[in-house]
Amino acid sequence: MAAELAEHAHPEHDREVFERTIFGFWMYLMSDCVLFGTLFATYAVLQDSLAGGPSGKELFNLPYALLETLILLTSSFTSGLAMLSAHKKNLLRTILYFAITFILGASFLTLEINEFSHMVQEGNSWQRSAFLSSYFTLVSTHGLHITVGLLWMTVMMAQVLVRGFLPETLKRLTCLCLFWHFLDIVWIFIFTFVYLMGVT
Amino acid sequence: MNDLFGKLDIRAFQHDAIENSVGVVIALTSLIIIGFVTYHGRWKWLWKEWITSLDPKRIGVMYLIVVLLMLFKGVMDAVMMRAQLAMAVGDTAGFLGAAHFQQVFSAHGTTMIFFVGMGAIFATMNFVVPLQIGARDVAFPFLNSLSFWLFAVSAALVNVSMFVGEFSATGWLAYPPLSGIEYSPGVGVDYWIWVLQISGVSSLLSGINFLVTILKMRAPGMTLMRMPIFIWSIFGALVLIVVAFPILTATLALLALDRVLGMHFFTSAAGGNPMMYINLIWAWGHPEVYILVLPAFGIFSEIVSTFSQKKLFGYTSMVWALMIITFLSFVVWLHHFFTMGAGANVNAFFGIMTVLIAVPTGVKVFNWLFTMRQGKIHLSTPMLWFLAFIFIFSTGGMTGVLLSIPPADFQLHNSLFLIAHFHSMVIGGVLFGIFAGLSYWFPKFTGFKLDERLGRYAFWCWFIGFLLAFMPLYALGLMGATRRLDHYEVHAWQPLYMIAAAGVPFIIVGIILQNLQILVGYKNRKTDSAIMGDSWNGRTLEWSTSSPPPPYNFAIIPHVGERDPFWAVKEGNEKPEHRKYEDIMMPRNTSFGFWIAGFAFLIGFAIIWHIWWFGLLCLATLLTLVIIRTWGGMDEEVITAEEVKNIEEKGFNRWQQS
């Protein structure tokens, strides 16, 4: 409690910490961007290394990928709504919108896992060819980020419920939403470079 | 049982006589340290004041301790290599088997770059950055503690490989397909991968942390162009860290996926592309070289200016040179493998880009020399390291330009000429820079100077030892000796190899003298004037506070109106601050960094040995710890104005003792 009291006594200090954290989180996102960039580059190099295995054209189901895309984009929108409600300190709406975001994110993940398991069952696993290795790695790295995001969202919903809207909590919610939007943008690139360009 | 311990079984603990003796030495040393701490009843103090500390100055000291231990290990590796090569000619096999020799040179490179070089840079950053920019702390104090402990546990993991299993035998960059599962089925490469993954995450977190510190926490009035040049050099290194380390993380992850899940990124079969690994690893690796050397440039810039009692010549051109080098370091990676067959045009482009780096570097060298011109030069130890650096770095730089010409590189590639070149840069540039910085800033953090006379002796030992150990390698390289040989047939090479080996005792004596320097300095601490704060008639803000600085660094955050703010105050151009103390908020110590890193260590170990259940268990615990930590909220304590006044009047040291 003492720590919380100290916090409210120093609004200037809070503001500095907030700015610093958001700035630092942007730095992290940019470094994550380089990580995805590396995976995109390896995918670009290896996408024609089929080793006699199937190509993207034979494997990808475009409407299915479009469905995943729409679900993820909608979740980005609802996370934005959640953030707006959080700024208005509206507990009920914040939780509601985050719950919707969570369900959409979880559905996206389920669809992705389903897609993967079908490929593996048909004998086209990551061991089949260099192309499939890079495909699975790129897409599932995004999926892993989504998983972490969902875990984070659960923790944050609990924090909002238990502790209310402390400056601390708002700071973390802002980071979470930045993270979520960032994953959306990465997915747009995956959808374009892997699915759309892979099928044509 | 098989599933319970993964690949780990009794054979992992069986080693040859040399490895066992190393193990015994390490075990005995650890026991002595543990006994010493227990005997003096210092565990609680160690835990409360150091292990859980979030103070960058203390974290810096802990970095330095790990660095010194790892330097000892790295030098021992070097001793074994030089001794082996001084004898292993013709029918003599030498005392190391080929397999062991390969592990030794792989461990030497890994240790020196990741744990000595990087560690020393982070130690210096922790010491100097907040003080020089007039800040009380880094941007994210807890993250800083976590970074340190991740660094420490990855260093521990290297050492564990000597007891449990083996280390990588594939060189410090582990090129596939050799490092793939087909040709390296043991756990050595896995150790290498996870050691680097953990220390890589540590570097990235520190990189972000200090970048935000520099960009967001400078004292009022310190514009970018008023930052000390050391801060600019660190800024360049940090940008490189944030952009380059994710590439390393991704590349190592791909290699691990190849090895564990049977993927085909870098295999020879199923469409994999080993050359892509070499491109990726150097896309990180070349910037890495500059991450190490840029801070050394910064250290020397501070030193040459302070010990010439003049302001730095050509500050603006120095900043531009640093930034241009930062940029160029991203477009030269291919010069590490001209022989790979990328084609004449590609090689020409990268050759020209490499030659271009000599231009801003030359600008820096001339700026340093012009700073000395007509200055009141004090030839103290930091300055001796600087002068040796100018000599070795310039010759090493010129052989570098030679290597950047693709046709010449085709001849010299992978020869000892290359080894001599990059050791000139890394020892003459980075390590000498670190030593210079250490003797320069040491009084700031301890309140006493390193012994000057022993410092000179240590310097001369290092300098002579370096020349003996590495100049012959240039000649050997031109004579055709390649790197990573454990044995050779050409008898004409042996005299040169013996001269190189003769350099090693000099270097070892140098290291011993450096350690004595600390002891003698400590003994004479009472007679020293360093406690006053300004040991060298310094120019920048760190010299304006007491030595060692209080936990909050500055009782009153200074206002900066000029480039060398403390010098300006001393010259009377600026008035010292009016002293009215206020409450200061500092983060409270926490052990979370220690525990989280501890579980990261266990996760690494579990993955290396394929003990999956244990790895998952540790991952779950680690995540739980992170969640608990975020639940706690801001954990800060207040140092009241009254206490600040007390500390400022008595000096921090005496205040602590009373």
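Residues numbered from 1 in each chain as written. Chains lettered and ligands numbered in written order. Predicted model: local features only at pLDDT ≥ 70, side-chain atom pairs only at ≥ 80, totals over all residues. Heavy atoms only, no water.

**Concerning the overall build of chain A**
Within chain A, the regular secondary structure consists of 7 helices and 0 strands. Mapped from its N terminus to its C terminus, chain A presents α and β elements in the order α-α-α-α-α-α-α. Overall, chain A is about 65 × 30 × 25 Å in size when its C-alpha atoms are taken along their principal axes. Within chain A, the fraction of its 200 residues that count as buried is 55%. When contacts within chain A are restricted to residue pairs at least 6 apart in sequence, long-range pairs at least 24 apart make up 82% of them. Of note, chain A has its 10 positive side-chain charges centred 7 Å away from the centre of its 15 negative side-chain charges. (Helix = DSSP H or I, 4+ residues; strand = E, 2+ residues; numbered from the N terminus. Buried < 20%, exposed > 50% of the residue type's maximum accessible area, 1.4 Å probe, protein only. Contact = heavy atoms within 4.5 Å. Lys, Arg positive; Asp, Glu negative; His and termini not counted. Charge placed at Lys NZ, Arg CZ, Asp CG, Glu CD.)

**Regarding the pattern of salt bridges**
Summed over the entire model, instances satisfying the criterion amount to 14 salt bridges over all chains. Between Asp77(B) and Lys73(B) there is a salt bridge, and its shortest N-O distance comes to 3.3 Å. Separated by 4 residues within a single helix, Asp77(B) and Lys73(B) lie in helix α4 (residues 56-87), roughly one turn from each other. When the shortest N-O distance is used, the salt bridge between Asp190(B) and Arg259(B) registers 3.0 Å. Residue Asp190(B) is located in helix α7 (residues 188-216), and its partner Arg259(B) is located in helix α8 (residues 229-261); the two are separated by 69 residues in the primary sequence. Through salt bridges with shared partners, a single network forms among Glu12(A), Arg15(A), Glu19(A) and Lys216(B). (Salt bridge = Lys/Arg side-chain N within 4 Å of Asp/Glu carboxyl O.)

**Regarding the interface of chain B and chain A**
The partner chain A presents 38 residues to the 37 residues of chain B that form the contact. With a closest N to O distance of 4.0 Å, Glu19(A) and Lys216(B) form a salt bridge. Linking chain B to chain A there are 10 residue pairs in polar contact (both at pLDDT 80 or more). The dominant element in the side of chain B that touches chain A, judged by the number of residues it contributes, is α8(B), at 9 residues. (Polar contact = N/O pair within 3.5 Å; in protein donor to acceptor, adjacent residues only side chain to side chain.)

**What to know about helix α5 (residues 98-132) of chain B**
Residues and elements named next belong to chain B. Under the 1.5 Å per step criterion, the end-to-end length of α5 is 49 Å for 35 residues, consistent within 8% with the ideal 51 Å. Across the 35 residues that make up α5, a large majority, 32, are buried. Among the residues trailing α5, glycine 134 stands out with phi positive, at a value near 70 degrees. (Expected span 1.5 Å × (residues − 1).)

**With respect to the environment of Ile639(B)**
Residues and elements named next belong to chain B. Mapping isoleucine 639 onto the fold places it in strand β2 (residues 636-639). Look at isoleucine 639 and you get buried, because its relative accessible area is 15%. In this structure, the C-alpha to C-alpha distance between isoleucine 639 and valine 116, residues 523 residues apart in sequence, is 35 Å. Excluding residues within four positions of it along the chain, isoleucine 639 makes contact with Tyr552, Glu582, Asp583, Ile584, Met586 and Val644.

**Quick word on the side chain of Thr38(A)**
In this structure, Thr38(A) sits in helix α2 (residues 11-46). Setting aside anything within four residues of it in sequence, one finds Thr38(A) in contact with Ile247(B), Ala250(B) and Leu280(B).

**Focus on the packing of α4(B) against helix α6 (residues 141-163) of chain B**
Residues and elements named next belong to chain B. Look at α4 against α6: their axes get within 10 Å of each other, and the N-to-C directions meet at 15 degrees. Considering the angle they form, α4 stands roughly parallel to α6. Pair α4 / α6 crosses with left-handed handedness. On α6, the residues that touch Pro56, Ile59, Met62, Tyr63, Val66, Met70 and Lys73 of α4 are Asn144, Ser145, Ser147, Phe148, Trp149, Phe151, Ala152, Ala155, Val158, Asn159 and Met162. Here the residues of the contact of α4 with α6 are counted per class, giving 13 nonpolar, 4 polar and 1 charged. (Axes fitted to C-alpha atoms, helices over the stretch in contact; angles between N-to-C directions. Parallel < 35°, antiparallel > 145°, perpendicular 65-115°, else oblique. Left-handed = near helix turned anticlockwise from the far one by under 90°. Nonpolar A, V, L, I, M, F, W, Y, C, P; charged D, E, K, R; others polar.)

**Points about empty space enclosed by the protein**
All names here are of chain B. Going through the model one piece at a time under the given rule, you end up with 3 cavities of 30 Å³ or more. In this structure, the largest cavity spans a volume of roughly 80 Å³. Lining the largest cavity are Leu64, Val67, Leu68, Leu71, Val116, Ala120, Leu431, Ile434, Phe435 and Leu438. Listing elements by their share of the lining of the largest cavity, those giving two or more residues are α4, α5 and α14 (416-446). Counted by class, the lining of the largest cavity contains 10 nonpolar, no polar and no charged residues. (1 Å grid on protein atoms, 1.4 Å probe; cavity = no way out; pocket = protein on both sides within 12 Å on 5 of 7 lines; lining within 4 Å. Points joined across faces, edges and corners; volume = space filled by probe spheres on them.)

**Some words on the confidence of the model for chain A**
Detailed reading of the predicted model is not advised wherever pLDDT is low. The predicted model of chain A averages 92 in pLDDT, with 96% of residues at 70 or higher. Here residues 1-7 of chain A scores under 50 on pLDDT; set against residues more than four positions off or in separate chains, the count is 7 contacts. (pLDDT = per-residue confidence, 0-100.)

**Brief notes about a nonpolar patch on the surface**
Residue and element names in this part refer to chain A. A cluster of nonpolar side chains, namely Leu66, Leu70, Leu73, Ile185, Ile188, Phe189, Phe193, Leu196 and Met197, defines an oily patch on the protein surface of about 770 Å² accessible area. Every element with two or more residues in the nonpolar patch is listed here: α4 (62-87) and α7 (167-199). Looking at the nonpolar patch element by element, the count peaks at 6 residues for α7. Mapped onto the secondary structure, methionine 197 falls in helix α7. (Patch = residues over 30% accessible without salt bridge, like charges linked within 9 Å, V, L, I, M, F, W, Y side chains within 5 Å. Areas by Shrake-Rupley, 256 points an atom, 1.4 Å probe, with all protein chains shown as cover.)

**Some points on the nonpolar core**
One finds Tyr135(A), Tyr195(A), Tyr191(B), Trp284(B), Trp368(B), Phe432(B) and Trp609(B) to be the most contacted residues of the largest nonpolar core, which totals 260 residues. Setting aside residues up to four positions removed in sequence, Tyr135(A) forms contacts with Tyr43(A), Phe60(A), Glu115(A), Phe116(A), Met119(A), Val194(A) and Tyr195(A). The next biggest cluster of nonpolar side chains, apart from the first, holds 9 residues, and it includes Tyr552(B), Ala555(B), Tyr581(B) and Met586(B). (Core = buried A, V, L, I, M, F, W, Y, C linked by side-chain atoms within 4.5 Å.)

**Details of the packing of aromatic side chains**
According to the stated counting rule, one finds 76 aromatic pairs over all chains in the structure shown. Both rings, one in Phe131(A) and one in Tyr135(A), keep their centres 6.5 Å apart while their planes meet at 35 degrees; by these two values the pair is tilted. Of this pair, Phe131(A) and Tyr135(A) are both found in helix α6 (residues 130-163), 4 residues apart, which corresponds to roughly one turn of the helix. Judged by relative accessible area, Phe131(A) falls into the buried class, the value being 1%. The rings of Tyr43(A), Phe60(A), Phe108(A), Phe116(A), Trp126(A), Phe131(A), Tyr135(A), Phe136(A), Trp187(A) and Tyr195(A) are connected pair by pair, giving a single aromatic cluster. Lying across the ring of Phe23(A), Lys216(B) places its NZ or CZ 5.0 Å from the centre. Note that Arg629(B) overlies the ring of Phe142(B), its terminal NZ or CZ placed 4.2 Å from the centroid. (Phe/Tyr/Trp six-rings, centres within 6.5 Å; stacked < 30°, edge-to-face > 60°. Lys NZ or Arg CZ within 6 Å of the ring centre and 35° of its normal.)

**Considerations on the environment of Leu418(B)**
Residue position: Leu418(B) is located in helix α14. Setting aside chain neighbours within four positions, we find Leu418(B) in contact with Leu403(B), Leu412(B) and Arg483(B).

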